[in-house]
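Residues per chain, in single letters:
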Number of protein chains: 2
Amino acid sequence: MKVMLVGYGNVGKAFRKLIHEKRVREAEDVKIVGIVTTRGLMLKDQEEFTVDKKVDVLQALDEVQPDVVIDMASANYKTGEPSLSLYLTALKRGIHVITTNKAPLALKYKEVLSTAVSHSSKIFFQATVMSGTPSINLYRILPGMKVKTIRGILNGTTNYILTRMSQGLSFAEALREAQELGYAERDPTLDINGFDAAGKITILSNVYFSRSISINDVKFEGIKDVDIKGAMERGNKIKLIAYADEKETYVKPMEVSKEDFLYNVDGVNNALEIESDIQKINIVGPGAGPLNAAYGAFSDLILLLRGENLPGL
Amino acid sequence: MKVMLVGYGNVGKAFRKLIHEKRVREAEDVKIVGIVTTRGLMLKDQEEFTVDKKVDVLQALDEVQPDVVIDMASANYKTGEPSLSLYLTALKRGIHVITTNKAPLALKYKEVLSTAVSHSSKIFFQATVMSGTPSINLYRILPGMKVKTIRGILNGTTNYILTRMSQGLSFAEALREAQELGYAERDPTLDINGFDAAGKITILSNVYFSRSISINDVKFEGIKDVDIKGAMERGNKIKLIAYADEKETYVKPMEVSKEDFLYNVDGVNNALEIESDIQKINIVGPGAGPLNAAYGAFSDLILLLRGENLPGL
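Here we summarise the structure given alongside this text.

The rules behind these values
Residues numbered from 1 in each chain as written. Chains lettered and ligands numbered in written order. Predicted model: local features only at pLDDT ≥ 70, side-chain atom pairs only at ≥ 80, totals over all residues. Heavy atoms only, no water. Contact = heavy atoms within 4.5 Å. Buried area = accessible area lost by both parts, 1.4 Å probe. Salt bridge = Lys/Arg side-chain N within 4 Å of Asp/Glu carboxyl O. Polar contact = N/O pair within 3.5 Å; in protein donor to acceptor, adjacent residues only side chain to side chain. Helix = DSSP H or I, 4+ residues; strand = E, 2+ residues; numbered from the N terminus. Nonpolar A, V, L, I, M, F, W, Y, C, P; charged D, E, K, R; others polar. Pairing = 2+ DSSP bridges. Core = buried A, V, L, I, M, F, W, Y, C linked by side-chain atoms within 4.5 Å. Buried < 20%, exposed > 50% of the residue type's maximum accessible area, 1.4 Å probe, protein only. Right-handed = clockwise from strand over helix to strand, strands pointing away. Axes fitted to C-alpha atoms, helices over the stretch in contact; angles between N-to-C directions.

1. A short note on the interface of chain B and chain A
Each side of the interface is counted separately: chain B has 40 residues, and chain A has 40 residues. A buried area of about 3100 Å², summed over both sides, lies between chain B and chain A, and 58% of it is on carbon and sulfur atoms. Across the contact surface, chain B and chain A share two salt bridges. One salt bridge connects B:Asp277 with A:Lys22, and the closest N-O pair in it is separated by 2.4 Å. Where chain B packs against chain A, one counts 15 residue pairs in polar contact (both at pLDDT 80 or more). Mapped onto the side of chain B that touches chain A, the elements with two or more residues apiece are β12 (280-286) and α10 (290-305) of chain B. Broken down by class, the residue content of the side of chain B that touches chain A amounts to 21 nonpolar, eleven polar and eight charged. Direction of pairing for strand β12 (residues 280-286) of chain A relative to β12(B): antiparallel, over a ladder of three bridges. Each residue of the ladder has a partner; that of A:Val284, found in β12(B), is B:Asn282.

2. Comments concerning the nonpolar core
Counting residues in each nonpolar core, the largest one holds 215 residues, and the members touching the most others are A:Leu138, A:Tyr208, B:Leu138 and B:Tyr208. Filtering out sequence-adjacent residues up to four positions away, A:Tyr208 remains in contact with A:Ser135, A:Leu138, A:Tyr139, A:Met145, A:Val147, A:Ile150, A:Leu272 and A:Ile274. Counting 22 residues, the second largest nonpolar core, distinct from the first, contains A:Tyr250, B:Tyr243, B:Tyr250 and B:Phe261.

3. Let's talk about the sheet that holds strand β3 (residues 40-42) of chain A
Residue and element names in this part refer to chain A. Strand order across the open sheet formed by six strands is β3-β2-β1-β4-β5-β6, with mixed pairing between neighbours. Each edge of the open sheet carries a strand with a single partner, namely β3 and β6 (123-124). Across five bridges, strand β1 (residues 2-6) lies against strand β2 (residues 31-37) in parallel orientation. The residue bridging Met4 from the neighbouring strand is Gly34, located in β2.

4. Observations concerning the pairing of β2(A)
Residues and elements named next belong to chain A. Burial runs high along β2: six of the seven residues are buried. Traced from β1 through helix α1 (residues 10-21) to β2, the parallel crossover comes out right-handed. Where β2 lies against β3, three bridges are found, and the strand directions are antiparallel. If you follow Ile35 over to β3, its bridge partner there is Met42. Taking the residues that link successive antiparallel strands as the turn, the β2-β3 hairpin has two residues.

5. What to know about the sheet that holds strand β5 (residues 96-99) of chain B
All names here are of chain B. With respect to topology, six strands assemble into an open sheet ordered β3-β2-β1-β4-β5-β6, the strand pairing being mixed. The open sheet has two edge strands with one neighbour each: β3 (40-42) and β6 (123-124). This element, helix α2 (residues 57-64), spans β1 (2-6), β2 (31-37), β3 and β4 (68-71) of the sheet and lies at about 165° to β1.

These figures capture arrangement, not role.
Pasting the structure below:
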């Protein structure tokens, strides 16, 4: 099984380590045969990145001819490119795709998935939502549920900031602290304004409700103007809630009471609540971090090697 | 795919309804061809149970010759019989087994699993721990983790009683209430003394740490003599914690602090925390109820029909 990695930042490096250090029977024949970044293509499997050929990702695909492409590049929410074209090209050739990159699926879920189906190739994307904490893959083991609603805390940056604000910090102080700790980027706009969470609930909504929506269909609102004090006086907390049902998908800051499961999900943790005709379950875990995202892609790779596919495809 | 049900109480009835009402592509060819109880065997699929042949479960297996046996009978912790013999006989003939009944696996996990492996048949048992809330099946989607510890609240009856005691009720009052609400049986001994949770953590320990232990190897302690008031004065709660690592497996009431995830798991809910080299995740959901147990078996059946097996087998 020949694997080509796209992107070789912290996630890519952590993924390469997992491939070499984890002894999983299913992955015995996995070989990284190419790593491509914006700088070019490396045609060997070594820790230090060097450029063997100055090519772009699509040329790299021709060059390497892998069985699986694993995209760990950063998201381009304007067009999804170059990842989007890479997925479509790969899937049409019967090459499977695993991705930690939300943008192409948040923008063009239906196009990507139907391309996979019509060419009998597969796309796995656990790490696009909640990193290595099962969210997409949880769906695999809950067959036949009639899902009524899904609700989650899907952005760790804003959850950390809201948690610290409820402990007395101002928004600016909490943001600065989150940046110092590496929980927020230097330009935190896409976290703070709810866009990142909107991309994630778009993907979840498509999976859990078999929909075909794009992030452009999703209303989102950020955490800049929340009334933490008012909520606290009422014994509540403010959480940035991503919500979806059969008809609606949105992200907005909401007041949650002590009885709400999400009330207790603090700091950088993420959580997902799935309410179905059978039961209400919750899963909680880290939603970010290079090792966590790499593990999300790694678990996808193992499930792919076991012959699984997304249920319903 | 011919299915024989063993046991036809509330769980069996709920399971039969799921088979008929859920439209899941993988289950289109499933047919219930026999239902066997202590009264005998019914050779048709109808809601009201009638006896067609006065036979026991092993004779019923010969009579029906199913592809899958689904055991929803109540647990016999002394010997695991007659379910244990049924599983071994079925698995040796290449007949798959799905069970909601903990006893045979809590007593003879290794014998049952190795019989399945050596005859290329499968045994699935999600519903033995946390009912329809993924616990065993969660393991399927977390490949390659190095699990360090698992901890859980695996018995809803005791968790309900402890929750109500922390709200001011005495043990006797809380137990009576739990019985009135149907959360505790008339003879609640095996819940109260920790034995039921011990059976569950035995099974989880075998799955998550590839061990071969029996419930007889597990120390357990019940909730009869807990110091709720002392714990509350320290800002803590008492929870009946089931714990396992590579070496140890036990059940005992423990004081947990507000920072502990399990602190917030109240009432009849169950929870499982898995700490690995990658991350700490938690899953919470109902751990009992006829529909929930039936769904656990139903989800196993779908995974079986998808061609899955327990990872590592």
